[in-house]
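Structure assessment
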Amino acid sequence: MRYTVNRVSFLKGETEVAPDKSISHRTVILSALSPGLSRVSNFLQAEDTQATCRCLQSLGLDIEQRGQEMLIKSPGINDLEEPEMVLDCGNSGTTMRLLAGLLAGRPFTAILSGDSSLNKRPMGRVMKPLAMMGAHFMARQDSFPPLAIQGGDLHGIEYSMPVASAQVKSALLLAGLQAQGITTVYEEAPSRDHTERMLEAMGATITRIPGQVSVAPCDRLYPQDWEVPGDISSAAFLMVAATIVPNSEVLLKRVGINPTRNGILDVLRSMGANIEVLNSRTSAGEPVADILVRSAQLKAVRVANPIIPRLIDELPVIAVAMAVAEGVSVVNDAAELRVKESDRIAAITSELGRMGVVIEPTPDGFIVDGSKSRLRGTNVNSHGDHRIAMSLAVAGLIADQTTNIDNAEVVNISYPEFWNTLQALSRQ
Ligand code: S3P
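Residues in close proximity to the ligand include S22, R26, T94, R97, S165, A166, Q167, R192, I312, D313 and K340, which together make up its full environment. Here an oxygen atom of the ligand and a side-chain polar atom of S22 are 2.8 Å apart. For the ligand, an oxygen atom lies 3.3 Å from a polar atom in the side chain of T94. Burial of the ligand by the protein amounts to 94% of the accessible area it has alone, namely 390 Å². Sorting the residues of the shell around the ligand by element identifies α1 (21-31), α3 (93-103) and α5 (166-176) as the ones contributing at least two each. Considering only residue class, the shell around the ligand consists of two nonpolar, four polar and five charged. Both domains that furnish three or more residues to the shell around the ligand are identified here as domain 1 (3-19 + 229-425) and domain 2 (21-227).

Structure, rendered in structure tokens:
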């Protein structure tokens, strides 16, 4: 599908954003651990999380959306069923990597596969430590899906992650719960900690000190009632949009502001954005707030570690903010972008480049000269990546002439309401 975006005069209004994708995946996957009924309100109904639901149904969970609530009934980890079919994880790396950890301790065989994007993404990063714990894997070139897992008797390990990854950390924690002894994961920069928070709430013994997290095996975990906050990664598109379209004022309600996820607030503020965090509170173990954004003139910034894991998914839309900032902005230490749903360094630099942005890829990031850039609408492509599609739509709001985004239906991966919300906030 081609989606057309035109320049708008300003953005105004208030809205909720899509429910958090990372937390929604985890409500289903972690519910598998505990026998009984878990309830989830504000579950993200999108392609990625629906793939997770179908996989867990194949493992014996009963999952049903009833009214505003998602009801998840699990037989418990010890009574998961060996799946008869390949588990199709769709486009979702979180589904595949977390399931690899969950299934590593199960005494049966399962095969995980995905779409053409996911089947190009590296799984060696979870296979290697899970194999050290005692699981058996087969994959193309020892890394690429389809992935066959023969679960085994696991033992705890100590593991230093070569790159900060919440997906790898979560897989090891899920396996560690089923292992003999303690499993400890070390990370150099903090990655999102939803799994740790949620497992603690379920009764697991999790020990956290900065840079490391340990889990002890556990006989019984308890089902929960979860409430999913708005996704700051989805809010990011609207934050950048309201910042760069002059005379805008947008209130984003009930957005998760977990400190391992909110690097975008720090970066936009250091660029000069006008962002107020209002009504901060805690909801089901996660910090949430309303975020008020008014337009502002931006200046260039350098973004590099240790902040990268706290805004990894927001870098494509941060590139759009950099395109209108005064001066030369640089992103470093973000080579991980090359192995996301697309090669996001190649995708965002080529498509923003077509729109008149002076932007250059580097091996681990990009360089943007906002002073020399002038956005103009043209035909661009999402590269099959939801976050690239939404970033290009934000750029289109301030571009001269029309921006046509091909493969724009891909926003359904994480934010099916995106186009409606953007339209509702836009004033011509
Ligand atoms: C996610 C972790 C991040 C992020 C992804 C979701 C998660 O990936 O990019 O969109 O839910 O744990 P990595 O763990 O590979 O950095």
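Now that the structure has been shown, the text picks up again.
Structurally, S191 is set in the loop between β11 (183-186) and α6 (194-202). Classification of S191 by relative accessible area gives buried; the value is 4%. One polar contact links S191 to K169, side chain to side chain, over a distance of 3.0 Å. Side-chain polar atoms of S191 contact the side chain of E187, separated by 2.7 Å. Excluding its chain neighbours within four sequence positions, the residues that come into contact with S191 are S165, A166, K169, T260 and P309.

α3 packs onto α1 with a crossing angle of 25° between their chain directions and a minimal axis gap of 11 Å. Relative to α3, the element α1 is oriented roughly parallel. Crossing of α1 over α3 shows right-handed handedness. On the side of α1, the interface is formed by H25, R26 and I29, while α3 contributes T94, T95, L98 and L102.

This brings us to the sheet that holds strand β3 (residues 36-41). Read from one edge to the other, the open sheet built from four strands follows the order β4-β5-β3-β14, with strand pairing classed as mixed. Each edge of the sheet is formed by a strand with only one pairing partner; in this case those strands are β4 (62-66) and β14 (225-227). With direction set aside, neighbouring strand axes in the sheet form an average angle of 20°. Summarising the sheet, β4 and strand β5 (residues 69-74) pair through five bridges and their orientation is antiparallel. Counted as the bridge partner of I63 is I72 from β5. Strands in contact with α1 are β3, β4, β5 and β14; relative to β5, the strand with the most contacts, it is inclined by about 25°.

Applying the stated criterion across every chain, the model contains four aromatic pairs. Relative to W419, the ring of Y3 lies with its centre 3.7 Å away and its plane at 15°, an arrangement referred to as stacked. Taken as a pair, Y3 in strand β1 (residues 3-5) and W419 in helix α12 (residues 418-425) lie far apart in primary sequence, 416 residues in all. With a centroid separation of 5.1 Å and 70° between ring planes, the pair formed by F418 and W419 is classed as edge-to-face. Judged on exposure class, the residue F418 and its partner W419 are both buried. Grouped by ring-pair contacts, the aromatic residues Y3, F237, Y415, F418 and W419 constitute a single cluster.

In the segment running from P145 into P146, the intervening peptide bond is cis, with an omega of 0°. Checked against the element boundaries, P146 lands in strand β9 (residues 144-150). Non-glycine residue Q401 carries a positive phi angle of around 65°. You can see Q401 is positioned in the loop between α11 (386-396) and β23 (403-406). Residue Q401 is classed as exposed on the basis of its relative accessible area, which comes to 61%.

Reading the values: rules and limits
Residues numbered from 1 in each chain as written. Predicted model: local features only at pLDDT ≥ 70, side-chain atom pairs only at ≥ 80, totals over all residues. Heavy atoms only, no water. Near = heavy atom within 4 Å. Polar contact = N/O pair within 3.5 Å; in protein donor to acceptor, adjacent residues only side chain to side chain. Areas by Shrake-Rupley, 256 points an atom, 1.4 Å probe, with all protein chains shown as cover. Helix = DSSP H or I, 4+ residues; strand = E, 2+ residues; numbered from the N terminus. Nonpolar A, V, L, I, M, F, W, Y, C, P; charged D, E, K, R; others polar. Domains from an automatic or database assignment. Buried < 20%, exposed > 50% of the residue type's maximum accessible area, 1.4 Å probe, protein only. Contact = heavy atoms within 4.5 Å. Axes fitted to C-alpha atoms, helices over the stretch in contact; angles between N-to-C directions. Parallel < 35°, antiparallel > 145°, perpendicular 65-115°, else oblique. Left-handed = near helix turned anticlockwise from the far one by under 90°. Pairing = 2+ DSSP bridges. Phe/Tyr/Trp six-rings, centres within 6.5 Å; stacked < 30°, edge-to-face > 60°.

These values are about where atoms sit, not about what they do.
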